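# Structural characterization, general
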Amino acid sequence: MIADFCYAVDQSVLELFTICRQREREELLRIFQSLAKEPFRRGDFVQKAASGREMQVKRFGHWLITYWPDQPVLELRIVDLKRINR
């Protein structure tokens, strides 16, 4: 049996999340949960961190989300969130 991943967000993601309207927060929670269910989902492109780690970047409507799966601790790390124009 494969254990479920949970998601963890960086402080900058949380700060943007808290100023969003309720409808946007609910949308983001659904997106975060869907990513945690498929933690190895490929993004639209890959971005390298300063450490050399490859992070997935995926667009969901007017959100651009950067994430990477931390397999040893079963966490999907959501490290960046940007609102973009549609």
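Our subject is the structure listed above.
Reference entry: report on the structure contained in this document. The numbers attached to residues start from 1 for each chain and follow its sequence in the written order. In view of the model being predicted, local features appear only for residues whose pLDDT reaches at least 70, and side-chain atom pairs are presented and counted only at 80 or more, with totals across whole chains, interfaces and linings using the full set of residues. Each side-chain value is derived from all of the structure's non-hydrogen atoms; neither hydrogens nor water enter the calculation.

## Thoughts on helix α1 (residues 11–19)
How we decide: Each residue is placed in one exposure class: buried if its accessible area under a 1.4 Å probe, protein chains only, is under 20% of its type's maximum, exposed if it is over 50%, and partly exposed if it falls in between. Where helices and strands are cited, they refer to DSSP runs of H or I of at least four residues and of E of at least two residues respectively, numbered from the N terminus. It is the directions from the helix axis to the C-beta atoms whose arc is reported. Any two residues whose heavy atoms approach within 4.5 Å at even a single point are treated as in contact.
Along α1, the residues that are buried comprise V13, L16 and F17. For α1, the angular spread of buried residues about the axis comes to 105°, placing them on one side. Residues Q11, T18 and I19 are exposed on α1 and point more than 90 degrees away from its buried face. Buried positions along α1 lie against β1 (6–9), α2 (22–37), β4 (63–70) and β5 (75–83).

## Quick notes on the side chain of Q56
Considering the arrangement of structural elements, one finds Q56 in strand β3 (residues 54–60). Judged by its relative accessible area of 9%, Q56 falls in the buried class. Setting aside anything within four residues of it in sequence, one finds Q56 in contact with R41, R42, G43, F45, V46, I65, T66 and Y67.

## Side note on the sheet that holds β5
Neighbouring strands of a sheet are bound in pairs by backbone hydrogen bonds; such pairs are parallel or else antiparallel. Cut-off, in case you're wondering: Strand pairing follows a simple DSSP-based rule, namely that at least 2 bridges must link the two strands. Angles shown run from 0 to 180 degrees and are taken between the N-to-C directions of axes, each axis being a line fitted to C-alpha atoms and, for helices, limited to the stretch in contact.
Strands sit in the order β1-β5-β4-β3-β2 across an open sheet of five strands; the sheet is mixed. The sheet is open, and its two edges are formed by β1 and β2 (45–48), each paired on a single side. Going from strand to strand, the sheet's axes swing by 35° on average, the running direction of each strand aside. As paired elements, β2 and β3 share four bridges and run antiparallel to each other.

## Observations regarding the pairing of β3
Taking burial as the measure, the seven residues of β3 include five buried ones, the bulk of the element. In textbook terms, the turn of a hairpin is the stretch between consecutive antiparallel strands, and for β2 and β3 this stretch comprises five residues, one of which, G52, has a positive phi near 95°. By the bridge criterion, five bridges tie β3 to β4 in an arrangement that is antiparallel. Of the residues in β4, the one forming a bridge with F60 is W63. Taking the residues between adjacent antiparallel strands as the criterion, β3 and β4 are bridged by two residues, where G61 takes a positive phi near 60°.

## Focus on the side chain of K58
Its location among the elements puts K58 in strand β3. Ignoring anything within four residues of it in the chain, the contact list for K58 reads R41, R42, G43, D44, W63, L64, I65 and Y67.

## So, the pattern of salt bridges
Inclusion rule: Any Lys or Arg side-chain nitrogen located within 4 Å of an Asp or Glu carboxyl oxygen qualifies as a salt bridge.
Taken as a whole, this structure holds eight salt bridges when the rule is applied. E38 is paired through a salt bridge with R41; the nearest N and O atoms lie 3.3 Å apart. In this structure, D80 and K82 form a salt bridge, with 2.4 Å as the shortest nitrogen-oxygen distance. For K82, a relative accessible area of 41% translates into the label partly exposed. Within the structure, one salt-bridge network assembled from shared partners comprises D10, E75 and R77.

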